[in-house]
Number of protein chains: 2
Amino acid sequence: MRTNYCGKIDTKYLDQTVTLFGWVNKRRDLGGVVFIDLRDREGIVQVVVDPDTASAFETASSVRSEFCLSVAGIVRARPSAQVNKDMSTGAIEILAKEVTIINKAPALPLDWNQENSEEQRLKYRYLDLRRPLMTNRLIFRSKVTSIVRRFLEDNDFLDIETPILTKATPEGARDYLVPSRTHKGEFFALPQSPQLFKQLLMMSGMDKYYQIVKCFRDEDLRADRQPEFTQIDIETSFLDAGGVMEITERLVKELFQKLLKVDLGNFPHMSFAEAMRRFGSDKPDLRNPLELTDVASALTHIEFKVFSGPANDANGRVAAICVPGGASLSRKQIDQYGSFVGVYGAKGLAWIKVNELAKGLEGLQSPILKFLDAVAIDAILSATKAEDGDILLFGAGDYTTVTEALGALRIKLGEDLSLLQGQWKPLWVVDFPMFEEADGRLHALHHPFTAPSDSSIEKLSNNPKEALSNAYDMVLNGVELGGGSVRIHTMEMQAKVFELLGIESEEAQEKFGFLLEALKYGTPPHAGLAFGLDRLVMLMVGADSIRDVMAFPKTNTAACPLTGAPGRANPQQLKELSIATLIDPSKDAGSE
Amino acid sequence: MRTNYCGKIDTKYLDQTVTLFGWVNKRRDLGGVVFIDLRDREGIVQVVVDPDTASAFETASSVRSEFCLSVAGIVRARPSAQVNKDMSTGAIEILAKEVTIINKAPALPLDWNQENSEEQRLKYRYLDLRRPLMTNRLIFRSKVTSIVRRFLEDNDFLDIETPILTKATPEGARDYLVPSRTHKGEFFALPQSPQLFKQLLMMSGMDKYYQIVKCFRDEDLRADRQPEFTQIDIETSFLDAGGVMEITERLVKELFQKLLKVDLGNFPHMSFAEAMRRFGSDKPDLRNPLELTDVASALTHIEFKVFSGPANDANGRVAAICVPGGASLSRKQIDQYGSFVGVYGAKGLAWIKVNELAKGLEGLQSPILKFLDAVAIDAILSATKAEDGDILLFGAGDYTTVTEALGALRIKLGEDLSLLQGQWKPLWVVDFPMFEEADGRLHALHHPFTAPSDSSIEKLSNNPKEALSNAYDMVLNGVELGGGSVRIHTMEMQAKVFELLGIESEEAQEKFGFLLEALKYGTPPHAGLAFGLDRLVMLMVGADSIRDVMAFPKTNTAACPLTGAPGRANPQQLKELSIATLIDPSKDAGSE
């Protein structure tokens, strides 16, 4: 039997005989002696095999990388010159008495010393995960879920499982569907979240629910999405927004404290409106010091329509980002930023370089100076607090376009110019609008079960577009870690919101009749939040992608190169399910 | 804010003002005073509302069952005559100062005081779960998973998630399928277990893995199955069968100790062969004292072919169950047991009543006595240790039929005659055959990744039907709580077993090529076990069905009466998935 993990052998085992299992991380033959770095999930220990122990030496001389070995030997101190303080095992080494090959390995198809293609890494995921970097990420993730569970259980939350085979809803265009065998022609859907079930659990009096649960979304895998992802899902009765934010903030602080020894401090609260105005984003990265400054009021009177048009339009916006030191940007760089904002619909990127304020107009440099007067320029310089060496970059147009374009530009400038300050900048974004308008209809900004804020209840009747919801997002370093809300807990309010969303009563009955019915029976006030576990772990370990913190992720075409999923189904089985495929995959080489 | 749960208010709150939230379990108006039993998930507390507090009294007088209330009041001792020692809150009551209706409720569609149909219970599951019996079961389940997780984490197991969208395999007739949007005409399958992924995790060096994970099986929901069920899934490297059995036995003992204050003791080990021989089952309920006794050797010489035929056949069996006190069974009862074993293929049920041994043949009563001689009768009586008042029930025929029929009869007799002794009788069943033969082919008794026992490796080549596997099942009270095995960890052995199973090398490559490939790269020896969480909890809480320990189970037609799942899919969505339904569910009233 194993004495302990390789990575756990240290000076407290000195002079003891230990038995270890692990993989050959590296073998070196030096001065007639074989050195094996033996690795397991907890770390690496150095094994020394002397020719005196002939059988062990012979075996050790034959091992290659990634052979699985058992080693028995005596723990001894390393010569002081060889002590490696960066390794937990760096003060000792194992003088081998026995070396046994448990299983051999050919040369690996992955070269750990260089970048491997994602396809190759996923195909040989079991080898990719042997890399200490990847192993440690999965260990870290396991620690995160362990701490989360213990924290929530210690706070009276019950772990309750909700179904994976749930109702397909007509509007669930991103639902994964599962044909039913018993109810032919009908389908289950895999849940995008357990939202309604967790609300039903509150109606059943469970009071505090949590679940670390797989959710599913069948969407284009742009950016960093996966078909299945994991939520830390939380719901509680009789707590208001403040109560939920308090406990979930405490949970995240505990994670950072325990796992990273970081004190996140108290999370500031910022309204959605302020976040959009100052940062052009509802999930601002507060490590980025750049802000959007509104300058419209200085520009209403000028002739230059590009500025004065939106400045005089209630739905317009004119704003500037003042980039410290940005006066050194080349014309080419500025043009590139112009193209960048163009992607977001901005029609150009006006700019003013502030070379030397003391020189007045002479100290400024800009193609648009000629369109501005002294009043406007003074107001802009003062509002943006521009200093010598800065550049001002302008957006002008309708509010949404300017805000999004400058919001994206702010992020890009922050990265390009290495402006980020501090390591961790959490905040709560609150006071979201209930609705957003598109195609002449109202849509729920969060979801249709979100309660309005107390002060907005009247507005639902008078002016729903102005109504604010009782929702809250936790944001860290520009990433939305989690989002939640107080839920509607009366049938009347839920019916009202469905009506505002244009879900007619018949449709509401068909889709959500069971919810409306359930709301009748003494439903408690309830609220909750869901964290994206993958993103949370990704941020905490500093990975670039959520794929790097999942054991077996899919590619960006939602396939698994390891197992070959998805695959062809048995025709007999499809017949039993009463479905047919309209495309024969064997003839559709394009999708492979 | 709430002071504590209703069920947690006791004498330590005496004379304090408390605020509680909960539901009206019952209201009584007695002697001009209103009594409300206020319930939350933790229990019930008695609230007294006096007419002196006019507003509270008025409100309290109007509340009905299942209204959601908040109550503020002072905790006082109950008059000693009213102390209820069966309730945690039975020594106190709340003298209400304020009673507020949070949400009303109409009369419930479920009557908790009588049996409700399963359909109705599932349709109003949120109300069904409010019943303290059901609430307590979900709380208990949450405690089980919490203890399991902490135990495994404290034993170095990592919680690692495996995919839900996995590979559809041609033979996976019971797989739920999920059409892929990106790879048109292809399908994912929902996993029946994470077997291959957990083995891959061992190959990746994770060493000790666990997951409490949903698994899926699309089968007829006879007996007590659910389309989705939950496994406690465990896998470990470098441990043998004994090591896995030791740690998982310790886990189950800890659960029973912590949650039921029961010491299960050490689990006996019994070979598959012994279990089948003595109990006619590979999951014997050891609370049942009845056993199958082989009597063939006493019957080889007699004329009576019904007995001597199988007694002289290597594949035959003649066995008897001796039922204490069974001589009092009526002819009708015996006939009914005869019909019962007929279901299992037995051709009849011979019997001998042992009325008075001292009287010799005279003391016996049986239609078959005339076919037996004294030698046979003496041998039977001696082998079965029959005593006065017992009945002997015989099975004779081929080994499997007799064993299954008498095994089922043993269970039925145990129930009918209330013979079960003791509350908890765990055991390990070991030494399973590697294969069973059917349709002239070998099939894996567990699964094709199960390793042979060390002593059976040679038999794989010579006599595979006799080979034993290194598998083990944990059985409690006749229920298989969990099963596992040592896995094959070399490519050569895996290929050999595939070959024996008739999985040709091309087919093996297509289905399991990735596993065979993975086995090459220094795979460690590994073994594991999976518990059925639903069954475990069901047994521990004494529920009759796994549906009673799941929050939102499906009916026996795999439907959810609450949400209406499964349902019709959007035709546009089916088109995007390149599938068509062959049946229009709106015209198929039969499936509703």
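Residues numbered from 1 in each chain as written. Chains lettered and ligands numbered in written order. Predicted model: local features only at pLDDT ≥ 70, side-chain atom pairs only at ≥ 80, totals over all residues. Heavy atoms only, no water.

A.B. asks: Help me out: how do you make sense of the interface of chain B and chain A in this one?
C.D. replies: By a widespread convention, an interface's size corresponds to the accessible area lost as its parts come together. Between chain B and chain A, the residue contacts involve 125 residues of the former and 125 residues of the latter. At the boundary of chain B with chain A, total buried surface from both sides reaches about 11000 Å², with 59% on carbon and sulfur atoms. For chain B, the biggest contributors to the area lost against chain A are B:Glu161, B:Phe238 and B:Tyr521; these three give 7% of the whole. Inspection of the chain B/chain A interface yields twelve salt bridges. Where chain B touches chain A, the interface holds 51 residue pairs in polar contact (both at pLDDT 80 or more). No other element matches helix H4 (residues 132-154) of chain B, which puts eleven residues into the side of chain B that touches chain A. In the side of chain B that touches chain A, the residues fall into 64 nonpolar, 30 polar and 31 charged. Bridge count for strand S24 (residues 579-581) of chain A against strand S24 (residues 579-581) of chain B is three bridges, and the pairing is antiparallel. (Contact = heavy atoms within 4.5 Å. Buried area = accessible area lost by both parts, 1.4 Å probe. Salt bridge = Lys/Arg side-chain N within 4 Å of Asp/Glu carboxyl O. Polar contact = N/O pair within 3.5 Å; in protein donor to acceptor, adjacent residues only side chain to side chain. Helix = DSSP H or I, 4+ residues; strand = E, 2+ residues; numbered from the N terminus. Nonpolar A, V, L, I, M, F, W, Y, C, P; charged D, E, K, R; others polar. Pairing = 2+ DSSP bridges.)

A.B. asks: Mind showing me how you'd approach the pairing of strand S11 (residues 228-237) of chain B here?
C.D. replies: Within a regular strand, the side chains alternate between the two sheet faces. All names here are of chain B. Burial analysis of S11 places ten of its ten residues in the buried class, the great majority of the element. Here nine bridges tie strand S10 (residues 208-216) to S11, and the two strands are oriented antiparallel to one another. Its bridge partner lying in S11, Lys208 is registered against Thr236. Here seven bridges tie S11 to strand S23 (residues 526-532), and the two strands are oriented antiparallel to one another. Within the sheet, the bridge partner assigned to Gln231 lies in S23 and is Gly532. (Buried < 20%, exposed > 50% of the residue type's maximum accessible area, 1.4 Å probe, protein only.)

A.B. asks: Please clarify how helix H6 (residues 241-260) of chain A should be interpreted in this entry.
C.D. replies: Owing to its 3.6 residues per turn, the α-helix brings residues three or four apart onto one side. Under the 1.5 Å per step criterion, the end-to-end length of H6(A) is 28 Å for 20 residues, consistent within 8% with the ideal 28 Å. Directly after H6(A), the chain includes A:Lys261, whose backbone phi takes a positive value near 55°. (Expected span 1.5 Å × (residues − 1).)

A.B. asks: In this structure, what is going on with the sheet that holds strand S4 (residues 68-77) of chain A? I would like to understand it.
C.D. replies: Strands pair in a sheet through their backbones, by hydrogen bonds, and they do so in one of two ways: parallel or antiparallel. Residues and elements named next belong to chain A. Taken in spatial order, the five strands close into a barrel running S1-S2-S3-S5-S4, and their pairing is mixed. Each adjacent strand pair in this sheet contributes to an overall mean axis angle of 55°, direction not counted. Strand direction decides the pairing type here: strand S2 (residues 33-40) and strand S3 (residues 43-49), joined by seven bridges, are antiparallel. The residue bridging Arg39 from the neighbouring strand is Ile44, located in S3. (Axes fitted to C-alpha atoms, helices over the stretch in contact; angles between N-to-C directions.)

A.B. asks: Just checking my understanding: could you explain the packing of helix H9 (residues 331-343) of chain B against helix H11 (residues 399-416) of chain B for this structure?
C.D. replies: The relative placement of two packed helices is expressed as an angle between their axes plus a distance between the axes. All names here are of chain B. Relative to each other, H9 and H11 sit at 140°, their axes nearing to 9 Å. Between H9 and H11, the angle falls in the class oblique. Along this stretch, H9 crosses H11, giving a crossing that reads as right-handed. Residues Tyr337, Phe340 and Val341 of H9 touch H11, and the partners they reach there are Ala405, Ala408, Leu409, Lys412, Leu413 and Asp416. Per-class residue counts for the contact of H9 with H11 are seven nonpolar, no polar and two charged. (Parallel < 35°, antiparallel > 145°, perpendicular 65-115°, else oblique. Left-handed = near helix turned anticlockwise from the far one by under 90°.)

A.B. asks: So what exactly am I meant to see when it comes to the nonpolar core here?
C.D. replies: General note: in soluble globular proteins, nonpolar side chains tend to be found buried as a group. Counting residues in hydrophobic clusters, the biggest one holds 194 residues, and the most contacted among them are A:Val144, B:Val144 and B:Leu190. Among all residues touching B:Leu190, those that are not within four sequence positions of it are A:Leu165, A:Val178, A:Leu190, B:Ile164, B:Leu165, B:Thr166, B:Asp175, B:Tyr176, B:Val178 and B:Phe216. (Core = buried A, V, L, I, M, F, W, Y, C linked by side-chain atoms within 4.5 Å.)

A.B. asks: Explanation requested: the UniProt feature "binding site: ATP" (unreviewed entry) in chain A in the structure shown.
C.D. replies: On the UniProt side, "binding site: ATP" (unreviewed entry) is annotated at positions that read A:Arg217, A:Asp218, A:Glu219, A:Gln226, A:Glu480, A:Gly532, A:Leu533, A:Asp534 and A:Arg535 here. Inspection of the secondary structure assignment puts A:Arg217 in the loop between strand S10 (208-216) and strand S11 (228-237). Among residues more than four places away in sequence, those in contact with A:Arg217 are A:Arg174, A:Tyr176, A:Gln192, A:Arg225, A:Gln226, A:Pro227 and A:Phe229. Following the sequence through the fold, A:Asp218 ends up in the loop between S10 and S11. With near-sequence residues (within four places) excluded, A:Asp218 lies in contact with A:Arg174, A:Asp175, A:Tyr176, B:Arg181 and B:Leu577. (UniProt positions renumbered as here; feature names shortened; annotations may be inferred.)

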